[in-house]
Amino acid sequence: MSDQDFLSTRPVMVPHHVAPLSRRDWLQRAGAGFGGLALLDLMTREAIAWADAEAGSPTTANLKDSSLGWKRPATAKSVIFLFMEGGPSHIDLFDPKPALGQLAGKPLPSSFKPVITPMGEFHSPVLASKRTWKQHGKSGLWVSDWLPHTATCVDDLTVIQSCWGNGLNHVGGVCQMNTGSILGGRPSLGSWVSYGLGSENHNLPGYVVMQDNLRGTVAGGPRNWGAGFMPAAFQGTRFSGGSEPIANLRTPAGLGLDRQRGKLEFLDQLNRRHLQSRFDQTELDARIQSYELAFRMQAEAPEAVDLASETDEVRSLYGMDNKATESYGRLCLLARRLVERGVRFIQLYCGAGGRWDAHQDIEGNHARNCLAMDKPVAGLIKDLKRRGLLEQTLVVWGGEFGRTPMSEKGDGRDHNPYGFTMWMAGGGVKAGAVIGRTDEVGLHAVEDRLHVHDIHATILHCLGVDHSKLIYRHQGRPERPTVNEGRVCNKLLA
């Protein structure tokens, strides 16, 4: 045998190699395998969801469309949308315009592009702002004296001075800021988030809505947090702003756990039997899921909404020790507690029923509303920051539109959707910055203009969602959260 033949028949020695532990192996071996229990629970939920999708459940029939590359790295896990309903005046809060004082009592010069206003006030005299303005923080952002507490947080905010929309009146404006359209019938932004991302907490709703004024009604009503043409299970869950945020949550006295479970299981059987022949009625499927969620909430929700465990210092931080700030302070504190427990999208209406709508006496109107909102909002920002939650929570502040530089009834301002201010904080956006600008009197957005669709696209981007690729098929049409429009504002991102 030649040396070559010998080498060809000689066994090849493979070097010893130990494959590194995978994350799944590590979970199964570490801590006697207890880590694997959590993994098993997550995988089981996902398997059930995909099984429902295969079976064509009305709630998950479009789930497969969510795997078409719409996910991206997220900078935020949750959103808290602070909605100032009625239209806060940007030129009296965050966007100082010295020209208002120079033109006060006169109509706008002809160089300003005419606009339609709901009350026909374009040719009315200009109304000067009576506010005192100062620059605050290291960033030097301008804030009026109506918001002394928010002014202490400016280095955490990005103020967007160039927002614009299409809604002239409250119903259309509020609807567009929530759904992307001035016409009702589309899913709300929170519903799109629930559809795409779900909730991190199986025992709490993924989308919660609260309002401070229990006697008022948000313009347009529940359609602002509705699911539109999506299954009703994706709609927002309304919490009360009072001392009992969730009505009928506690099990009635004398009703044991086993008895309640038996009643719910029997009711579930009847509902599912009824659903079999009415497959297109998503409201029934949503009701079945709401019963199941309500039963699970009885274990976790009472603790989540119980503010008794909060210290006096925390309650004071949110303004709960003052009658003027107690209502909105309670909502902001509840929002922080819900974010801590994995609720994905929370919307807090301030001035529900259009209380920011200052067609006359803007001084009295905004003084009251700013007093009620300023300290709670600043408290929320500070509390999230010190707990390490702000970096993963996107806080959005704004209304459906701003106010005009022209006067109405001598001392008020009309609606202005052509240029207004919003701000964002945390969740992957820049801190201590200003984006865009309006013209010399704050009427038109003229630089880095951001439409409502752009605002929505940027919010979704922070949550790890590509707004152009997340779709829901409705009547054969691929629907998208920004109505096939909108762009992400990269200048906003950190």
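Preceding block: the structure.
A brief structural summary. (Residues numbered from 1 in each chain as written. Predicted model: local features only at pLDDT ≥ 70, side-chain atom pairs only at ≥ 80, totals over all residues. Heavy atoms only, no water.)

1. What to know about the packing of aromatic side chains
This structure, assessed with the given rule, holds 10 aromatic pairs. Judged by centre distance (6.1 Å) and plane angle (75°), the rings of tryptophan 192 and tyrosine 195 are edge-to-face. Of this pair, tryptophan 192 and tyrosine 195 both sit in helix α6 (residues 189-197), separated by three residues, roughly a single helical turn. Each of the two residues, tryptophan 192 as well as tyrosine 195, counts as buried. Aromatic side chains tyrosine 195 and tyrosine 472 sit 5.4 Å apart centroid to centroid with 80° between the ring planes, which places their arrangement in the edge-to-face category. Taken together, the residues span a long stretch of sequence, with tyrosine 195 in helix α6 and tyrosine 472 in strand β16 (residues 472-474) at a distance of 277 residues. By relative accessible area, which is 5% here, tyrosine 195 ends up buried. (Phe/Tyr/Trp six-rings, centres within 6.5 Å; stacked < 30°, edge-to-face > 60°. Helix = DSSP H or I, 4+ residues; strand = E, 2+ residues; numbered from the N terminus. Buried < 20%, exposed > 50% of the residue type's maximum accessible area, 1.4 Å probe, protein only.)

2. Notes on unusual backbone geometry
Backbone geometry at aspartate 361 places phi at a positive 50°, although glycine is not the residue there. Relative to the helices and strands, aspartate 361 is located in the loop between β7 (345-350) and α11 (362-386). Taking the relative accessible area as the measure of exposure, aspartate 361 reaches 35% and is therefore partly exposed. Phi is positive for asparagine 484, close to 60°, though the residue is something other than glycine. Within the secondary structure, asparagine 484 sits in the segment after β17 (477-479). What makes asparagine 484 partly exposed here is its relative accessible area of 45%.

3. With respect to the state of the cysteines
Evaluated as defined, the whole model comprises zero disulfides. Here cysteine 332 stays free of any disulfide, with the sulfur of cysteine 350 as its closest cysteine sulfur at 8.3 Å. Since its relative accessible area comes to 0%, cysteine 332 is described here as buried. Cysteine 370 carries a free sulfur, and the closest cysteine sulfur to it, the one in cysteine 350, is 8.7 Å from it. (Disulfide = S-S within 2.5 Å.)

4. Focus on the packing of helix α10 (residues 323-340) against α11
Contact pair α10 / α11: the axes reach a minimum separation of 8 Å and the direction vectors enclose 25°. Put simply, α10 runs roughly parallel to α11. The way α10 lies across α11 gives a crossing that is right-handed. Contacts from Ala324, Thr325, Tyr328, Gly329, Cys332 and Arg336 of α10 reach α11 at Leu371, Ala372, Met373, Lys375, Pro376, Val377, Leu380, Asp383 and Leu384. Grouping the amino acids of the contact of α10 with α11 by side-chain chemistry returns 10 nonpolar, two polar and three charged. (Axes fitted to C-alpha atoms, helices over the stretch in contact; angles between N-to-C directions. Parallel < 35°, antiparallel > 145°, perpendicular 65-115°, else oblique. Left-handed = near helix turned anticlockwise from the far one by under 90°. Contact = heavy atoms within 4.5 Å. Nonpolar A, V, L, I, M, F, W, Y, C, P; charged D, E, K, R; others polar.)

5. Regarding empty space enclosed by the protein
Applying the stated criterion to the full structure yields two cavities of 30 Å³ or more. Of the volumes computed, that of the largest cavity is approximately 40 Å³. Every residue lining the largest cavity is listed: Pro88, Ser89, His90, Leu93, Phe94, Trp397, Phe401, Gly402, Phe420 and Thr421. By residue class, the composition of the lining of the largest cavity is six nonpolar, four polar and no charged. The calculated volume of the second largest cavity comes to roughly 30 Å³. In this structure, the second largest cavity is lined by Phe81, Met177, Asn178, Leu189, Gly190, Tyr207, Phe345, Gln347 and His456. Put simply, the parts of the chain that give the lining of the second largest cavity at least two residues each are α5 (170-179), α6 and β7. Partitioned by chemical class, the residues of the lining of the second largest cavity number five nonpolar, four polar and no charged. (1 Å grid on protein atoms, 1.4 Å probe; cavity = no way out; pocket = protein on both sides within 12 Å on 5 of 7 lines; lining within 4 Å. Points joined across faces, edges and corners; volume = space filled by probe spheres on them.)

6. A word on the environment of leucine 334
Tracing the chain through its elements places leucine 334 in helix α10. Considering only alpha carbons, one finds leucine 334 and isoleucine 346, 12 residues apart in sequence, at a separation of 9.8 Å. In this structure, leucine 334 is in contact with Met210, Pro245, Ala304, Val305 and Leu307, ignoring residues within four places of it in sequence.

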